[in-house]
Protein chains: 2
Amino acid sequence: MTATRQLGERAQAMLDALAALTDEPGRLTRLYLSPAHAKAVDLVARWMTEIGLEVSVDALGTVRGHRKAGKAGVGGNKRLLIGSHIDTVVNAGRYDGMLGVVAGILALQELAAREVALPFGVDVLAFGDEEGVRFPTSLASSSAVAGIFPSTALDARDADGVSLRQALTDFGCEPDASQAAAYAPDDVLGYLEVHIEQGPVLEIEGKALGVVTSIAGQSRFNVLVTGEAGHAGTVPMTLRRDALAASAEMMAAIEDVALAGRAHEMVATVGRLTVEPGAINVIPNRVRFTLDLRAESDAPRAAATEEIKARCRAIAERRHVGFSMDRFYDNATTPCAPRLQDAFAGAIEALGHPTRRLTSGAGHDGHAIKALTDVGMLFVRCRGGISHNPAEFATVDDMGLAVEALIKTIGKLADQTDVSEE
Amino acid sequence: MTATRQLGERAQAMLDALAALTDEPGRLTRLYLSPAHAKAVDLVARWMTEIGLEVSVDALGTVRGHRKAGKAGVGGNKRLLIGSHIDTVVNAGRYDGMLGVVAGILALQELAAREVALPFGVDVLAFGDEEGVRFPTSLASSSAVAGIFPSTALDARDADGVSLRQALTDFGCEPDASQAAAYAPDDVLGYLEVHIEQGPVLEIEGKALGVVTSIAGQSRFNVLVTGEAGHAGTVPMTLRRDALAASAEMMAAIEDVALAGRAHEMVATVGRLTVEPGAINVIPNRVRFTLDLRAESDAPRAAATEEIKARCRAIAERRHVGFSMDRFYDNATTPCAPRLQDAFAGAIEALGHPTRRLTSGAGHDGHAIKALTDVGMLFVRCRGGISHNPAEFATVDDMGLAVEALIKTIGKLADQTDVSEE
């Protein structure tokens, strides 16, 4: 077995151990600050401790494992951040997020085993709120690390009415210390994240790894459509104000707008929808649904938002139903730093592989971290482009190669730091 | 105050007392075999006892109040049935169903007060499962009275997994005695029901009461659409198998078919819809929704069912999603007996009002009772045609007139019985 493949095997074993920590028997669901998340924090902290890192958990539940700089010099007070997240969607796969945390830990373990001294410290970070499933917030934990977490977000509540503040307190965190979770920008050298692609490009092109050029911007909305309840048997079709029939027409319009924008890699998703009163024989009077809208750059996403609003408003007027569409989350496109893209590309080429640069359609913690420091991302091929699904899969070989590329990238950054500081 | 208006006032007071019995604070929700239903059974039984009826509760929870025949003769062993239901939809009004029970009780009370002897017995029935909200059955209680209740339906389960059998047992009933709840057809003279119209016709035409010519047939379906979950940011629109986007297109097709059939008073309603996994950033892979389809006669409903199936199947094939549409309830059109229509019409005319005959778009317990005996229905004008809604409303004057018309109708049937038996 090659050393690279061995790294991949170790990554797989760690991912399997994490995947066993779930809040739902029979499938992997690990929402932010849940009991399974607490177990995952403990496991990651144990792994970090075992390889000699100094471990702490911050106010938002992010696990941090610190490796001290191994060389004297000006750069010795600075830190390179390597991270990803350990929360999941409902019925998730085992690679999304977790691979980046595991890759960081394995890279530091290997650097220690190879007795490589670095002119800067390294912090491996395991964020807890990347998927945004539980609370109507997103990237809370990486925002705190980046110093842009708004303390008002502590009042956000989950579907059971539990506030983020309460959930953090129950988790053993001190939510009111959220501002202290931020790094000082001058202390940070950059942020690296390894992640599965979650799309089909690398697989179609037969490449194991890709360098991310930017993370697509995204907007999320809550849509509310209000009509009038009535008896399903006696109100003629032409006199109805059916909130669900109106929502169906709106969903068709949303899909239409996204299809028209596909040259901009636009995607629109209605992922959650509830109907009231929800009885077989009653015309629905209240429908709520979410809209998630993304594109490779900001202008077409803004234009699509306006077009969707206008078309839905016209549908609502024609059907005499109420309509509101409130943006509760918006994130501009995050360009990846050219120097970090080049470091990843150089590492991949040094391993004998071609470089493929591509945009990330999925959002990542880098969206928040860009407020703190430069962001660089390495994509790992995944089967069928599938993620957020138990069928999510990356090969041991590809994962081993990713860890090796991360090690080489850290080495390249060290070389640059040595040169600049000497 | 006129005697008619006084009857209406008494009806309103009884309806208000029933409306206070709810399973949800702040709104009226009284599902079959719920705690609030148990309280309603007790209240109705008390009212029946107070006016001298013999009260019992059958295997399916129907309250029966029996008044003995007041004259000797062949007809004296026979019974006229008068009834309606005391279960409600979620967030219901206070007239739908309850008015028919209250009208029956008040009519018998008045007949006793007026010392009218009848040549037949009368049973007032308060059914418990007309709305079909809790269990995937419908008209369970009136089906048992009619002798067509299939005991396999006892295995039906509600959303919490509770079987009908268990719920009946917990309610104090003996579900395995369901067959004993049936009347012998030879013992029954007919079935009368007073009910709000639940549609706008009488109000638009300025008439207080209407005679029902038939109860529209109806079909109910469970539709399941299965696609593939995936990341909302990375799966291009053209590669998606989104179960909710497909369902939206199907709902538009369903609405379209119903609009095309409006000359047949066709109505189609999707009242319940659930999305899995139901996360903002995950493409839905599983949508279930219900379809309720009705028309004034059977042939156009059957044709619409086939067209909806064909159009949904085509949508599913084009989108590469799974589709199934299973009929779980079907009821043919129920014609009302001409002799009972004429008795109601004669009573209305004797009260100085014009006769308006019309179809019922809503289903009623008569759908089941037709298997046992002739069915006659009297409609009461309701405001805005609104029902299944807290805004449901009928005036005291219209309700008083309905009770008086019911009393006169019973009298006419008594006269006919006297003639035929002498």
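Residues numbered from 1 in each chain as written. Chains lettered and ligands numbered in written order. Predicted model: local features only at pLDDT ≥ 70, side-chain atom pairs only at ≥ 80, totals over all residues. Heavy atoms only, no water.

### Comments concerning the overall build of chain A
The number of helices and strands found in chain A is 11 helices and 16 strands. Principal-axis analysis of the C-alpha atoms places the extent of chain A at approximately 80 × 45 × 40 Å. Counting across all 422 residues of chain A, residues that qualify as buried make up 61%. If you take every contact in chain A between residues at least 6 apart in sequence, the share linking residues at least 24 apart comes to 78%. Accessible area for chain A stands at about 15,000 Å²; split by element, carbon and sulfur atoms hold 50% of it. When the 41 positive and 55 negative side-chain charges of chain A are each reduced to one mean point, those points stand 3 Å apart. (Helix = DSSP H or I, 4+ residues; strand = E, 2+ residues; numbered from the N terminus. Buried < 20%, exposed > 50% of the residue type's maximum accessible area, 1.4 Å probe, protein only. Contact = heavy atoms within 4.5 Å. Areas by Shrake-Rupley, 256 points an atom, 1.4 Å probe, with all protein chains shown as cover. Lys, Arg positive; Asp, Glu negative; His and termini not counted. Charge placed at Lys NZ, Arg CZ, Asp CG, Glu CD.)

### Side note on the pairing of strand β12 (residues 286-295) of chain A
Residue and element names in this part refer to chain A. Summarising burial for β12: 8 of the 10 residues are buried, a large majority. Where strand β7 (residues 217-226) and β12 come together, 10 bridges link them in antiparallel fashion. Bridge pairing in β12 places Phe221 opposite Leu291. Summarising the sheet, strand β9 (residues 267-269) and β12 pair through 3 bridges and their orientation is antiparallel. Each bridged residue has a counterpart across the sheet, and for Val267 the counterpart in β12 is Arg294. The sheet contact formed by strand β10 (residues 273-276) and β12 spans 4 bridges and is antiparallel. Along β12, the bridge assignment pairs Thr274 with Arg288. (Pairing = 2+ DSSP bridges.)

### Side note on the layout of surface pockets
Space inside the largest pocket adds up to approximately 720 Å³. Every residue lining the largest pocket is counted, 30 residues in all, and those nearest its centre are A:Val133, A:Arg134, A:Asp158, A:Ala159 and A:Arg272. Among the residues forming the lining of the largest pocket, the class breakdown is 15 nonpolar, 7 polar and 8 charged. Here the second largest pocket is characterised by a volume of approximately 580 Å³. Going through the elements one at a time, β7 (217-226), β10 (273-276), β12 (286-295) and β13 (322-331) of chain B are the ones with two or more residues in the lining of the second largest pocket. In terms of residue class, the lining of the second largest pocket is built from 11 nonpolar, 5 polar and 7 charged. (1 Å grid on protein atoms, 1.4 Å probe; cavity = no way out; pocket = protein on both sides within 12 Å on 5 of 7 lines; lining within 4 Å. Points joined across faces, edges and corners; volume = space filled by probe spheres on them. Nonpolar A, V, L, I, M, F, W, Y, C, P; charged D, E, K, R; others polar.)

### Points about the relation of the copies chain A and chain B
The operation relating chain A to chain B is a screw motion whose rotation component is 180°, with 0.0 Å of axial translation and a residual RMSD of 0.1 Å. Here the copies are linked by what is in effect a two-fold axis. Looking at the rotation axis and the C-alpha trace of chain A, the residue lying nearest is A:Ala248, at 2.2 Å. (Least-squares fit on C-alpha atoms with pLDDT ≥ 70 in both.)

### Some words on the packing of helix α7 (residues 243-260) of chain B against helix α8 (residues 298-319) of chain B
Residues and elements named next belong to chain B. Put simply, α7 and α8 touch, their axes get as near as 9 Å, and they point 155° apart. Taken as axis vectors, α7 and α8 run roughly antiparallel relative to one another. The hand of the α7/α8 crossing is right-handed. For the pair formed by α7 and α8, the contact residues are Ala245, Ala246, Glu249, Met250, Ala253, Ile254, Asp256 and Val257 on the first element and Ala304, Glu307, Ile308, Arg311, Cys312, Ile315, Ala316, Arg318 and Arg319 on the second. (Axes fitted to C-alpha atoms, helices over the stretch in contact; angles between N-to-C directions. Parallel < 35°, antiparallel > 145°, perpendicular 65-115°, else oblique. Left-handed = near helix turned anticlockwise from the far one by under 90°.)

### Some thoughts on the packing of helix α1 (residues 3-19) of chain B against helix α2 (residues 35-50) of chain B
All names here are of chain B. The interhelical angle for the contact between α1 and α2, taken along N-to-C directions, is 150°, at an axis separation of 10 Å. Classed by the angle they form, the pair α1 and α2 counts as roughly antiparallel. Handedness of the crossing formed by α1 with α2: right-handed. On α2, the residues touching Met14, Ala17 and Leu18 of α1 are Ala40, Leu43, Val44 and Trp47. Of the residues that constitute the contact of α1 with α2, the class distribution is 7 nonpolar, no polar and no charged.

### Regarding the environment of A:Lys207
Residue and element names in this part refer to chain A. Note that Lys207 resides in the loop between α6 (201-205) and β6 (209-215). Classification of Lys207 by relative accessible area gives buried; the value is 19%. In this structure the C-alpha to C-alpha distance between Lys207 and Ile82, which are 125 residues apart in sequence, comes to 23 Å. Residues in contact with Lys207, not counting those within four places in the same chain, are Leu202, Pro354, Arg356 and Arg381.

### With respect to the pattern of salt bridges
Residues and elements named next belong to chain A. Enumeration according to the criterion identifies 60 salt bridges over all chains in this entry. The salt bridge partner of Arg165 is Asp176, with a shortest N-O separation of 2.8 Å. Note that Arg165 is positioned in helix α5 (residues 164-171) and Asp176 in the loop between α5 and β5 (188-196), a separation of 11 residues in sequence. Judged by relative accessible area, Arg165 falls into the partly exposed class, the value being 30%. The closest approach of N and O atoms between Glu205 and Lys207, which form a salt bridge, is 3.2 Å. Each of Arg10, Glu110, Arg114 and Glu404 takes part in one network of salt bridges that share partners. (Salt bridge = Lys/Arg side-chain N within 4 Å of Asp/Glu carboxyl O.)

### Digging into the interface of chain A and chain B
With 59 residues of chain A at the contact, the number on the chain B side is 59 residues. When chain A packs against chain B, the two sides together hide about 4,800 Å² of surface, and 61% of this comes from carbon and sulfur. On inspection of chain A and its partner chain B, the count reaches 2 salt bridges. Linking A:Glu255 and B:Arg319 is a salt bridge whose minimum nitrogen-to-oxygen distance equals 2.7 Å. Here chain A is connected to chain B by 20 residue pairs in polar contact (both at pLDDT 80 or more). (Buried area = accessible area lost by both parts, 1.4 Å probe. Polar contact = N/O pair within 3.5 Å; in protein donor to acceptor, adjacent residues only side chain to side chain.)

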